Amino acid sequence: MNPLASFRVAIDALKMHALRSFLAMLGVIIGVASVIVMVSVASGAGEAIEARIRALGTNVLVIFPGSFTSGGRRAGEGTALALSENDLAAIRASVPTVVGAAGMVSGSAPIVVGNSNWTTSVTGVNADYLDVRDWPLADGRSFTEAELRSGAKVVILGATTARELFGNAPALGEQVRIKNVPFTIIGTLTEKGQSGFGTDQDDTALVPLSTARRRLFGAEQTVPDNLRTIMVEVASAEAMNDTQEEIENLLRQRRHVRPGTPDDFQVRNMAEFIRARSETQSILSVLLGATAAISLVVGGIGIMNIMLVSVTERTKEIGLRMAVGARRRDILSQFLIEAVTLCVTGGLIGLLIGGSAAISMSIWGNWPIALKPGLVVIALLSAGLVGVFFGYYPARRASLMNPIDALRYE
Amino acid sequence: MPQIVAHDLVKTYCLGGSIIGALQGVNVEVERGEYLAVTGASGSGKSTFMNLIGALDTPTSGSLKIEGRELGGLGSDQLAAYRNAKIGFVFQTFNLLARTTALDNVALPLLYSRHGHAGAREKAKACLAKVGLAHREGHQPSELSGGQQQRVAIARALVNDPHILLADEPTGALDSHTTEEIIELFEELNESGITVVLVTHEPDIARRAHRRITFRDGKIVDDAS
């Protein structure tokens, strides 16, 4: 029997019991619809998190001085001996997996222009900073070597800061005063969005490191060429942990931390924090996917049940088909095709329902939904597989009937 | 060479722990083109004998050769092909597919035939015409009388040009007038060269066959021409 004829026989048989076929399909419809919705939601959330990781700049380690302990008195983070340019140079020179390192001095400072003002985090940076953060300029230019060396009074504004001070008017070339020191705006940054910790990364202003030390945060200087923070870009995600360890060892040596005592500095792996979050996310995805898969399997059991009923009910028909020359494999494929047709039809309906549910969730619910074309293929394929898996046993049972017993069945 | 040769044919069933000998050593030869009536009380083994010839069932022991080929050595696919190509079945209860047109019922064996489907509909139409139902091809079994249904079943049996027509009590569910028509149809088919094996317990019908064999307790007790 050719496949087309088998398919027609299957369709006719299903149409004969339209309501029953639909009810049997319902399980698969719900299963496929939930697979589509759950996986779309989960991967949409995953993509949102990935976008945040990218916004942070990937493969970045952040180093800052730890807590200061003296005679049992312990102070907060950042109170220990500051880091310095020498530390930065040492890291750059002796840790080969470090591809870029940026030192920073930062603090909060009011920026004033005309009659508007905005207090933001002002960070003194060196040439590597924008590369390490993977942060392109929206407008203007970066700091020149001369400006960095001479401590020029130039500033690059973050997107939020620029908006707060100038609204939609162009900021480039304007004069602002930071801690009453006049600065010229030479550039603005592109939007980077929230950091992994939930702070607005665009609410910032960048000045040359030397300028920050000399003119803005000079009073806080405890060591020559001090640095509040060092950001290190690592060659690859795999090298992150090793690099972190190497830097820790190097700094313990340089800062004379005795073995057995805790570090007086901290190396934070930003990506790790995000990764922990995205791991939670992927566990959630797996759970959602598994729930959906279970409903698909339950749907499959429904199909199997109906197919068993159908095979029993049509025993006489099976006997007759065998009597007029149907081989076992003809009977097997007839019922298998019936089960697969049920499942794939159910899958298509489920796809429509699940797809429209996911799309309406993203439109009206503002959920981050990622409805991928691959998912459609996977959903239909798994519906078909459910049909083959749960249809096989009833079909095989039909095909193994003895012709005469089947014919005589009442 | 005879068309059907049964030698020491035995068929036993296990039924509720006890073994029932449905056929206990049957020896018979049937020539091509014969018109054979098989009679006997119910449970005598006549239907079992017919089911073995039609390869719906397999013998427990003994040999059954159809056109020189031993059925005992064939696999289930070969048996299916044999039923499809060589045998036409007619049952007491017609066994038509419900909610399927007469034409599609007649064409059913062609679905499983090796020759493909070219001209399948024409072939089925010709067979329906042969049994006088050309005008009923679009009707479903529920819209046909008993006699008409049995004619559709006969057309289905004929669609693959069988060598042997096996009919198990084909008139058992029909009135006497319709019975006469069906028996006449069998006689016509036999005259065209098809071997007809007719299982019946009605002496009037058996008498019209060229040869009558009678079963009792799984054995042939009478073989008369």
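On a predicted model such as this, the values are computed, not experimentally measured, just so you know.

## Observations regarding the overall build of chain A
Part 1 of the argument: Check the secondary structure of chain A and you find 13 helices and 14 strands.
Part 2 of the argument: Within chain A, contacts between residues at least 6 apart in sequence are counted, and of these 82% link residues at least 24 apart.

## Concerning the sheet that holds strand S5 (residues 69-70) of chain B
The pairing of strands in a sheet happens through backbone hydrogen bonds and is either parallel or antiparallel.
All names here are of chain B.
Part 1 of the argument: One open sheet holds the four strands; their spatial order is S2-S1-S4-S5, and the pairing between them is antiparallel. The two strands at the open ends of the sheet, each matched to only one other strand, are strand S2 (18-30) and S5.
Part 2 of the argument: Of the strand pairs in this sheet, strand S4 (residues 61-66) and S5 are connected by two bridges, and their pairing is antiparallel. Considered in S5, the bridge of Ile66 is made with Arg69.

## A word on the packing of helix H3 (residues 85-94) of chain A against helix H8 (residues 240-254) of chain A
When two helices pack together, their arrangement is given by the angle between their axes and by how far apart the axes lie.
Residue and element names in this part refer to chain A.
Part 1 of the argument: Look at H3 against H8: their axes get within 11 Å of each other, and the N-to-C directions meet at 135°. Regarding the angle of H3 to H8, the classification is oblique. For the element pair H3 and H8, the recorded crossing hand is right-handed. Along the contact surface, H3 presents Asp87, Ala90, Ile91 and Ser94, while H8 presents Ile247, Leu250, Leu251 and Arg254.

## A look at the pairing of strand S6 (residues 116-125) of chain A
Residues and elements named next belong to chain A.
Part 1 of the argument: As paired elements, strand S5 (residues 98-113) and S6 share nine bridges and run antiparallel to each other. Bridge assignment links Gly107 to a residue of S6, and that residue is Val122.
Part 2 of the argument: Joining the antiparallel neighbours S5 and S6 is a turn of two residues, in which Gly114 adopts a positive phi near 55°.
Part 3 of the argument: Taken together, the five bridges between S6 and strand S11 (residues 204-208) define a ladder with parallel strand orientation. Residue pairing in the sheet places Ser121 in a bridge with Thr204 of S11.

## Quick word on unusual backbone geometry
Part 1 of the argument: Non-glycine residue A:Asn180 carries a positive phi angle of around 70°.
Part 2 of the argument: Relative to the assigned elements, A:Asn180 resides in the loop between strand S9 (175-178) and strand S10 (181-189).
Part 3 of the argument: Of note, B:Phe94 is a non-glycine position whose phi angle comes to about 65°, a positive value.
Part 4 of the argument: Looking at the element boundaries, B:Phe94 is found in the loop between strand S6 (87-90) and helix H3 (102-111).

## Considering the pairing of S9(A)
Residue and element names in this part refer to chain A.
Part 1 of the argument: Residues Val176 and Ile178 line the buried face of S9, whereas the alternating positions Gln175 and Arg177 sit on a face that is not buried.
Part 2 of the argument: With two bridges joining them, S5 and S9 adopt antiparallel strand pairing. By the bridge assignment for S9, Val112 is matched with Arg177.
Part 3 of the argument: When S9 meets S10, the two strands line up antiparallel, connected through four bridges. Following the sheet pairing, Val176 is matched in S10 by Phe183.
Part 4 of the argument: What sits between the antiparallel neighbours S9 and S10 is a turn of two residues, in which Lys179 has the positive phi angle 45°.

## Here we look at the interface of chain A and chain B
Part 1 of the argument: With 17 residues of chain A at the interface, the matching set in chain B holds 18 residues.
Part 2 of the argument: Contributions of two or more residues to the side of chain A that touches chain B are made by helix H1 (3-16), helix H10 (315-323), helix H11 (328-364) and helix H13 (403-408) of chain A.
Part 3 of the argument: Among the elements that line the side of chain A that touches chain B, the one with the most residues is H10(A), at five residues.

## Observations regarding the sheet that holds S6(B)
All names here are of chain B.
Part 1 of the argument: Read across the sheet, six strands follow the order S6-S7-S8-S3-S9-S10 without closing on themselves; strand pairing throughout is mixed. Two strands in the sheet have a free side with no partner beyond their single neighbour: S6 and strand S10 (219-224). Looking at each pair of strands side by side, their axes are set apart by 20° on average, direction ignored.
Part 2 of the argument: Where strand S3 (residues 35-40) lies against strand S8 (residues 195-199), four bridges are found, and the strand directions are parallel. When the bridges of S8 are listed, Ala37 appears paired with Leu198.

## Details of the confidence of the model for chain B
Part 1 of the argument: For chain B, the mean per-residue pLDDT works out to 91, and 98% of the residues sit at or above 70.
Part 2 of the argument: Note on the complex model: pTM 0.70, ipTM 0.94.

## Observations regarding helix H5 (residues 146-158) of chain B
Part 1 of the argument: For H5(B), spanning 13 residues, the distance from its first C-alpha to its last is 18 Å, which sits close to the expected 18 Å at 1.5 Å a residue.
Part 2 of the argument: Burial of H5(B) is extensive: 10 of the 13 residues sit out of reach of the surface.

## Some details on helix H1 (residues 46-53) of chain B
Part 1 of the argument: A large share of H1(B) lies buried, amounting to eight of its eight residues.
Part 2 of the argument: Taken together, the buried positions of H1(B) are occupied by B:Lys46, B:Ser47, B:Thr48, B:Phe49, B:Met50, B:Asn51, B:Leu52 and B:Ile53.

## Let's talk about the environment of A:Thr97
Residue and element names in this part refer to chain A.
Part 1 of the argument: Among the secondary structure elements, Thr97 is positioned in the loop between H3 and S5.
Part 2 of the argument: The exposure class assigned to Thr97 is partly exposed, which follows from the 18 C-beta atoms found within 10 Å.
Part 3 of the argument: Taking C-alpha positions, Thr97 is 7.0 Å from Ala239, a pair spaced 142 residues apart along the chain.
Part 4 of the argument: Not counting residues within four places of it along the chain, the set of residues in contact with Thr97 comprises Val234, Ala235, Ala239, Asp242 and Thr243.

Calculation criteria
- The written sequence of each chain sets the order in which its residues are numbered from 1.
- Throughout, the order in which chains and ligands are written sets their labels, letters from A for the former and numbers from 1 for the latter.
- With the structure being a predicted model, the display of local features is reserved for residues of pLDDT at least 70 and the display and counting of side-chain atom pairs for 80 or more, all residues being used for whole-chain, interface and lining totals.
- For the purposes of this entry, the term helix denotes a DSSP run of H or I that reaches at least four residues, the term strand denotes a run of E that reaches at least two, and both are numbered from the N terminus.
- Two residues form a contact once the distance between their C-beta atoms, set from the backbone, is within 7 Å.
- DSSP calls a pair of strands paired once it identifies at least 2 bridges connecting them.
- In this analysis an axis means a line fitted to C-alpha atoms, helices contributing only their contacting stretch, and an angle means the value between N-to-C directions, from 0 to 180 degrees.
- Here the angle decides the label: under 35 degrees means roughly parallel, over 145 means roughly antiparallel, 65 to 115 means roughly perpendicular, and every other value means oblique.
- Note: crossing handedness is left-handed where the near helix turns anticlockwise from the far helix by less than a right angle, and right-handed where it turns clockwise.
- Neighbour density around each residue's C-beta defines its exposure: 20 or more other C-beta atoms within 10 Å make it buried, 12 or fewer make it exposed, and counts between make it partly exposed, where C-beta atoms are placed from the backbone.
- Residue-level confidence of the predictor is summarised by pLDDT, bounded by 0 at the bottom and 100 at the top.
- One fewer than the residue count of a helix, multiplied by 1.5 Å, yields its expected span.

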